[in-house]
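# Remarks on the overall topology
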Amino acid sequence: MNEEERVTQTGWCRYCGSSLLIEVLPRTPQEELNDIATQECDCDQAQYAREREGKIRRAQITVKNLSASEPAAGGILERCIEPLIDREIKKVSINVNGRVTYTLYRGGEDELNAQRKETITDEEVCE
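Since we're looking at a predicted model, the values are computed, not measured.

Moving on, we come to the pattern of salt bridges. This structure, assessed with the given rule, holds six salt bridges. The salt bridge involving Glu 53 is made with Arg 52; its shortest N-O contact spans 3.5 Å. Owing to a relative accessible area of 16%, Arg 52 belongs among the buried residues under this scheme. Its salt-bridge partner being Glu 82, residue Arg 52 comes within 3.1 Å of it at the nearest N-O pair. With a gap of 30 residues between them, Arg 52 in helix α2 (residues 44-66) and Glu 82 in helix α3 (residues 71-85) connect regions that are remote in the sequence. Residue Glu 82 is classed as partly exposed on the basis of its relative accessible area, which comes to 38%.

With that out of the way, let us pick up the pairing of strand β3 (residues 91-96). The two faces of β3 differ: Val 92, Ile 94 and Val 96 on one face are buried, but Lys 91, Ser 93 and Asn 95 on the other face are not. Examined bridge by bridge, β3 and strand β4 (residues 100-106) share six bridges and lie antiparallel to one another. Residue pairing in the sheet places Lys 91 in a bridge with Tyr 105 of β4. In this structure, the hairpin formed by β3 and β4 is closed by a connection of three residues, where Asn 97 is found at a positive phi of approximately 60 degrees.

The next subject is the sheet that holds β3. If you walk across this open sheet you meet the three strands as β3-β4-β5, and the pairing is antiparallel. Edge positions in the open sheet fall to β3 and β5 (112-118), since each of these has one partner strand only. Each strand of the sheet is rotated relative to its neighbour by a mean of 10 degrees, with strand direction disregarded. Here seven bridges tie β4 to β5, and the two strands are oriented antiparallel to one another. Directly across from Thr 101, in β5, lies its bridge partner Lys 117.

In this section: α2. An ideal rise of 1.5 Å per residue puts 33 Å on 23 residues; α2 measures up with 33 Å between its terminal C-alpha atoms. Looking at α2, one finds that the buried residues are Ala 46, Ala 49, Arg 52, Gly 54, Ile 56, Ala 59 and Val 63. Contacts made by the buried residues of α2 are with α1 (30-40), α3, β4 and β5.

Relative to each other, α2 and α3 sit at 155 degrees, their axes nearing to 10 Å. The angle between α2 and α3 places the two elements in the roughly antiparallel class. Handedness of the crossing formed by α2 with α3: right-handed. Between α2 and α3, the residues in contact are Arg 52, Lys 55, Ile 56, Ala 59, Gln 60, Val 63 and Lys 64 and Gly 74, Leu 77, Glu 78, Ile 81, Glu 82 and Ile 85, respectively.

A few words on α1. Burial in α1 covers these residues: Leu 33, Asn 34, Ala 37 and Thr 38. Within α1, the buried residues cover an arc of 135 degrees as seen down the axis, which keeps them to one side. Turned more than 90 degrees away from the buried face of α1, the exposed residues are Glu 31, Gln 39 and Glu 40. On its buried side, α1 packs onto β1 (7-12), β2 (19-24) and α2.

What counts and how
- Residues numbered from 1 in each chain as written.
- Predicted model: local features only at pLDDT ≥ 70, side-chain atom pairs only at ≥ 80, totals over all residues.
- Heavy atoms only, no water.
- Salt bridge = Lys/Arg side-chain N within 4 Å of Asp/Glu carboxyl O.
- Buried < 20%, exposed > 50% of the residue type's maximum accessible area, 1.4 Å probe, protein only.
- Helix = DSSP H or I, 4+ residues; strand = E, 2+ residues; numbered from the N terminus.
- Pairing = 2+ DSSP bridges.
- Axes fitted to C-alpha atoms, helices over the stretch in contact; angles between N-to-C directions.
- Expected span 1.5 Å × (residues − 1).
- Contact = heavy atoms within 4.5 Å.
- Parallel < 35°, antiparallel > 145°, perpendicular 65-115°, else oblique.
- Left-handed = near helix turned anticlockwise from the far one by under 90°.
- Arc of directions from axis to C-beta.

Structure follows, in C-alpha coordinates:
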(Lines give C-alpha, C1' and ligand atoms only; values in the text may rest on other atoms or scores of the structure.)
Protein backbone atom coordinates (compact mmCIF):
# COMPACT_ATOMS: atom_id res chain seq x y z
CA MET A 1 0.00 0.00 0.00
CA ASN A 2 1.40 3.39 -1.01
CA GLU A 3 1.91 5.74 1.96
CA GLU A 4 0.08 8.48 0.03
CA GLU A 5 -3.11 6.41 -0.11
CA ARG A 6 -5.79 7.42 2.31
CA VAL A 7 -8.14 5.19 4.24
CA THR A 8 -11.47 5.93 5.88
CA GLN A 9 -11.50 5.54 9.65
CA THR A 10 -13.85 6.55 12.44
CA GLY A 11 -13.21 9.18 15.08
CA TRP A 12 -15.46 10.13 17.99
CA CYS A 13 -16.16 13.54 19.48
CA ARG A 14 -14.68 13.71 22.96
CA TYR A 15 -17.70 15.65 24.23
CA CYS A 16 -20.83 14.10 22.75
CA GLY A 17 -19.54 10.80 21.37
CA SER A 18 -20.75 11.42 17.82
CA SER A 19 -18.85 9.45 15.21
CA LEU A 20 -17.30 10.90 12.08
CA LEU A 21 -15.79 9.11 9.09
CA ILE A 22 -12.42 10.65 8.30
CA GLU A 23 -10.05 10.09 5.39
CA VAL A 24 -6.54 9.78 6.82
CA LEU A 25 -3.24 8.09 6.22
CA PRO A 26 -3.08 4.45 7.30
CA ARG A 27 -2.13 3.82 10.93
CA THR A 28 -3.34 7.19 12.16
CA PRO A 29 -3.64 6.85 15.95
CA GLN A 30 -7.16 6.73 17.40
CA GLU A 31 -6.40 9.73 19.60
CA GLU A 32 -5.67 11.82 16.50
CA LEU A 33 -8.87 10.57 14.85
CA ASN A 34 -10.81 11.62 17.93
CA ASP A 35 -9.14 15.05 17.90
CA ILE A 36 -10.17 15.55 14.27
CA ALA A 37 -13.73 14.40 14.96
CA THR A 38 -13.97 16.72 17.97
CA GLN A 39 -12.74 19.67 15.92
CA GLU A 40 -15.32 18.94 13.22
CA CYS A 41 -18.23 18.25 15.59
CA ASP A 42 -21.07 20.78 15.87
CA CYS A 43 -22.05 19.97 19.47
CA ASP A 44 -22.13 22.88 21.93
CA GLN A 45 -19.18 21.61 23.96
CA ALA A 46 -16.93 21.18 20.91
CA GLN A 47 -17.86 24.64 19.64
CA TYR A 48 -17.11 26.13 23.07
CA ALA A 49 -13.74 24.35 23.18
CA ARG A 50 -12.79 25.75 19.75
CA GLU A 51 -13.82 29.27 20.78
CA ARG A 52 -11.89 28.96 24.04
CA GLU A 53 -8.72 27.80 22.25
CA GLY A 54 -9.02 30.73 19.82
CA LYS A 55 -9.33 33.18 22.72
CA ILE A 56 -6.29 31.67 24.40
CA ARG A 57 -4.17 31.93 21.23
CA ARG A 58 -5.22 35.54 20.58
CA ALA A 59 -4.55 36.53 24.20
CA GLN A 60 -1.12 34.86 24.15
CA ILE A 61 -0.13 36.83 21.05
CA THR A 62 -1.41 40.09 22.53
CA VAL A 63 0.39 39.56 25.85
CA LYS A 64 3.62 38.58 24.11
CA ASN A 65 3.53 41.73 21.94
CA LEU A 66 2.50 44.01 24.80
CA SER A 67 5.13 42.77 27.24
CA ALA A 68 8.04 42.21 24.84
CA SER A 69 10.27 44.54 26.88
CA GLU A 70 9.41 42.77 30.16
CA PRO A 71 9.43 38.99 29.50
CA ALA A 72 9.06 38.06 33.19
CA ALA A 73 5.82 40.04 33.44
CA GLY A 74 4.65 38.54 30.14
CA GLY A 75 5.25 35.04 31.45
CA ILE A 76 3.15 35.70 34.54
CA LEU A 77 0.35 37.24 32.46
CA GLU A 78 0.38 34.28 30.05
CA ARG A 79 -0.15 31.88 32.96
CA CYS A 80 -3.21 33.92 33.98
CA ILE A 81 -4.95 33.74 30.57
CA GLU A 82 -6.77 30.43 31.09
CA PRO A 83 -7.99 31.25 34.63
CA LEU A 84 -9.29 34.57 33.29
CA ILE A 85 -11.08 32.90 30.38
CA ASP A 86 -12.50 30.26 32.74
CA ARG A 87 -13.71 33.02 35.11
CA GLU A 88 -11.59 31.80 37.99
CA ILE A 89 -10.11 35.29 38.29
CA LYS A 90 -11.33 38.62 36.95
CA LYS A 91 -8.20 40.76 36.82
CA VAL A 92 -4.44 40.56 37.30
CA SER A 93 -2.02 43.49 37.51
CA ILE A 94 1.76 43.39 37.64
CA ASN A 95 3.86 46.42 38.50
CA VAL A 96 7.41 46.39 37.17
CA ASN A 97 10.02 48.70 38.72
CA GLY A 98 7.29 50.93 40.17
CA ARG A 99 6.85 52.51 36.76
CA VAL A 100 5.23 50.08 34.32
CA THR A 101 1.97 48.27 35.10
CA TYR A 102 0.55 45.44 33.01
CA THR A 103 -3.09 44.52 33.50
CA LEU A 104 -5.05 41.64 32.03
CA TYR A 105 -8.78 41.61 32.78
CA ARG A 106 -12.20 40.42 31.69
CA GLY A 107 -14.25 43.13 30.03
CA GLY A 108 -17.83 43.25 28.87
CA GLU A 109 -19.14 40.76 26.33
CA ASP A 110 -16.77 38.06 27.63
CA GLU A 111 -13.71 39.74 26.12
CA LEU A 112 -10.20 39.70 27.51
CA ASN A 113 -8.38 43.03 27.67
CA ALA A 114 -4.66 43.72 28.05
CA GLN A 115 -3.19 47.03 29.07
CA ARG A 116 0.28 48.51 29.61
CA LYS A 117 0.64 51.75 31.55
CA GLU A 118 3.88 53.57 32.05
CA THR A 119 4.12 56.34 34.60
CA ILE A 120 6.71 59.00 33.94
CA THR A 121 7.30 61.59 36.59
CA ASP A 122 9.25 64.74 35.82
CA GLU A 123 10.36 66.50 38.94
CA GLU A 124 12.23 69.75 39.23
CA VAL A 125 13.36 71.57 42.32
CA CYS A 126 12.01 75.12 42.44
CA GLU A 127 13.66 77.62 44.80
